Protein chains: 2
Amino acid sequence: MKTRIGIYGYGNLGKGVEKATLKNSDVELMGIFTRRAPESVKSELGTKVYAASEAASFTDRIDVMILCGGSATDLMGQTPELVKLFNVVDSFDTHARIPEHFADVDQAGKESGHLGVISCGWDPGMFSLMRVYGNAVLPDGQDYTFWGKGVSQGHSDAIRRIEGVLDARQYTIPVPAALEAVRAGKNPTLSTREKHTRLCYVVVKEGADKAKIEKEIKEMPNYFSDYDTTVNFITKEELARDHAGLPHGGFVFRSGETSDGTKHMIEYSLKLDSNPEFTGSVLVAVARATARLAQEGAKGCKTILDLPPAYLSALSGEELRAHML
Amino acid sequence: MKTRIGIYGYGNLGKGVEKATLKNSDVELMGIFTRRAPESVKSELGTKVYAASEAASFTDRIDVMILCGGSATDLMGQTPELVKLFNVVDSFDTHARIPEHFADVDQAGKESGHLGVISCGWDPGMFSLMRVYGNAVLPDGQDYTFWGKGVSQGHSDAIRRIEGVLDARQYTIPVPAALEAVRAGKNPTLSTREKHTRLCYVVVKEGADKAKIEKEIKEMPNYFSDYDTTVNFITKEELARDHAGLPHGGFVFRSGETSDGTKHMIEYSLKLDSNPEFTGSVLVAVARATARLAQEGAKGCKTILDLPPAYLSALSGEELRAHML
């Protein structure tokens, strides 16, 4: 029996999920659901596109709906709403509001008898798993998470809102010296500035005041003022040629001692050509686990921390024990 | 309520588990059980030592018995036997015989109503988790596992059995060029010889034929003949001074594509000052998960692949979601 999934929202992430279904032969993609006019949305792979309002008529044909909206405006409303109809998976990544989102999805899921698995991707997601395993097996230690080199969409958007800016791409980059100090087991105390730098490529309108734009970027509170930021002005053509992708990645370290002076270092890293494609691929694996748990009667809300790892795999327990354990 | 554990077998691994209990305040160590005369065994931390034959009288006082015997001769008998009395955890690491061991423990556990979690440590264990997660989130890809730099006890023992050898220490070392090719995403096909080298420090009897011993090591089938092996003869004092520890570690890579040419690289590495102390620390985290699952009614056999990650942590679900997700 294949796991029948739906995609709710067809931006970069939805497209990533769609591609991931081609790599998972035990998963069947039943349709894409969009809030735009369905006839205006063309699936890259020829998947059927339906209006979001039609989703309710698919409850018998979809085992798990993967919600591909954004955390800022979509998911806090959509996930509790859709879990009334389906088992759902989302990639909600506003860390500070996860407890609230969890409570909403948990209540709606328990009432409807469906399971919602929230905040899956790589951070939150794979990185969360590494933090939890690292802390569990080295309880006396220190955590470090670094992001990048990669494109931060939020920071790119913030630059685009500045007057005179036509387009922008912002890369978050871990400071090599900080990575090395952590890797060497020095357990450094690192300020925000010491952990990451920010590199910006900006396209401006003709005649725009570049010095003023650069100053505005570098002094922007929350986004840039606590970082060493480099601003490069480039042409629209250069941006399209050299910065079209959405690469990302990062590092999770856990260092710890098991007795006086006996040290251990755990390092996990991701280097991703495409943030939305990798995130989409994680969501499909989580959807598989969600379908299995729901079939066993699980309902309410869970996160990737609650899913038995074997449930994410297409292989059986026997196969995993024989070949991967 | 603390998780009350017992240690069954007090070699290097048992001592590692004992130390790990000091780092986990929600775990209480109830005693060490040994097949030797208990009065001949002195706990390094003052834990009470009992005869293995007394274990049966502790069924009311121990939630999880951690079996610290060896895979070669102890665990295939001990784990199915002890799971008749206790929930148990072991570090069985003979990969080829895991399915058989699983079946034995599963049957005995289901009959007695106890849960046994087998093959926990770092490989099998943390590395197995990385292989399963890596394959689940990048189903179209390739796996690489490298071990070391670290001491292989089996290979050290094999050298010690050669005539004229007094003592030996064997390090397994990943070939840097192989690591780099994998890390660079080249998906190389690597022979055994191209993946690891073997470095031996050997103490011989006075007048022993060193050339003959070196030849015998390098040509030993299974252990050394497929590798580039370096043999260094050193004194007993040098061995004690420079090679007393049991460091180990390694790397798990998963590379894969989510669409044509869109590549991703996952790398996990461990650098461990002490193999038995780290393994012992993993076993304690797994014992915590085992106690929780057993309390929910789980019985039979499971592996770390079946344990929800959150169950390994001393933190509550709320705490994990607020701080680690």
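Criteria and cut-off values
Residues numbered from 1 in each chain as written. Chains lettered and ligands numbered in written order. Predicted model: local features only at pLDDT ≥ 70, side-chain atom pairs only at ≥ 80, totals over all residues. Heavy atoms only, no water. Core = buried A, V, L, I, M, F, W, Y, C linked by side-chain atoms within 4.5 Å. Buried < 20%, exposed > 50% of the residue type's maximum accessible area, 1.4 Å probe, protein only. Helix = DSSP H or I, 4+ residues; strand = E, 2+ residues; numbered from the N terminus. Contact = heavy atoms within 4.5 Å. Phe/Tyr/Trp six-rings, centres within 6.5 Å; stacked < 30°, edge-to-face > 60°. Lys NZ or Arg CZ within 6 Å of the ring centre and 35° of its normal. Buried area = accessible area lost by both parts, 1.4 Å probe. Salt bridge = Lys/Arg side-chain N within 4 Å of Asp/Glu carboxyl O. Polar contact = N/O pair within 3.5 Å; in protein donor to acceptor, adjacent residues only side chain to side chain. Pairing = 2+ DSSP bridges. 1 Å grid on protein atoms, 1.4 Å probe; cavity = no way out; pocket = protein on both sides within 12 Å on 5 of 7 lines; lining within 4 Å. Points joined across faces, edges and corners; volume = space filled by probe spheres on them. Nonpolar A, V, L, I, M, F, W, Y, C, P; charged D, E, K, R; others polar.

Trainee: Please explain the nonpolar core as it appears in this structure.
Mentor: One recurring pattern in soluble globular proteins is that nonpolar side chains are buried together. Formed by 146 residues in total, the largest nonpolar core has its most connected members in A:Met126, A:Tyr268, A:Phe278, B:Met126, B:Tyr268 and B:Phe278. Of the residues forming this core, the biggest block, eleven residues, is contributed by helix α10 (residues 275-295) of chain A. Apart from residues lying up to four places away in sequence, B:Met126 is in contact with A:Tyr133, A:Val137, B:Gly121, B:Tyr268, B:Phe278, B:Val282 and B:Ile304.

Trainee: Help me understand the packing of aromatic side chains, please; the structure alone is not making it clear to me.
Mentor: Following the criterion strictly, the structure yields 18 aromatic pairs over all chains and no others. Here the aromatic residues A:Trp122, A:Phe127, A:Tyr268, B:Trp122, B:Phe127 and B:Tyr268 are joined through ring pairs into a cluster of three or more. For A:Arg61, the ring lying beneath its charged end belongs to A:Phe58, and the centroid distance is 4.1 Å. Positioned above the aromatic ring of A:Phe146, the side-chain terminus of A:Lys195 is 5.1 Å from the ring centre.

Trainee: Could you clarify how one ought to interpret the interface of chain B and chain A in this entry?
Mentor: The figure often quoted for interface size is the accessible area lost as the parts come together. Contacts between chain B and chain A engage 61 residues on the former and 61 residues on the latter. For the chain B and chain A pair, buried surface summed over both sides reaches about 5,400 Å², with 65% attributable to carbon and sulfur atoms. Counting the surface chain B buries against chain A, the share from its top three residues, B:Lys23, B:Arg321 and B:Leu325, is 15%. Applying the counting criterion to the chain B and chain A interface returns two salt bridges. Between A:Lys23 and B:Asp140 there is a salt bridge, and its shortest N-O distance comes to 2.6 Å. Linking chain B with chain A are 25 residue pairs in polar contact (both at pLDDT 80 or more). Sorting elements by how many residues they give to the side of chain B that touches chain A places strand β13 (residues 262-272) of chain B first, with eleven residues. Looking at chain direction, strand β13 (residues 262-272) of chain A and β13(B) are connected through nine bridges and run antiparallel.

Trainee: How do you make sense of empty space enclosed by the protein when you look at a structure like this?
Mentor: Any space left empty among the atoms is revealed by the rolling of a water-sized probe across them. Within this structure, the stated rule accounts for one cavity of 30 Å³ or more. One number sums up the size of the largest cavity: a volume of about 60 Å³. Lining the largest cavity are A:Met126, A:Met130, A:Tyr268, B:Met130, B:Tyr133, B:Gly134, B:Val252, B:Phe253, B:Arg254, B:Ile266 and B:Tyr268. Mapped by element, the contributors of at least two residues to the lining of the largest cavity are α4 (126-137) of chain A together with α4 (126-137), β12 (248-259) and β13 of chain B. Partitioning the lining of the largest cavity into residue classes produces nine nonpolar, one polar and one charged.

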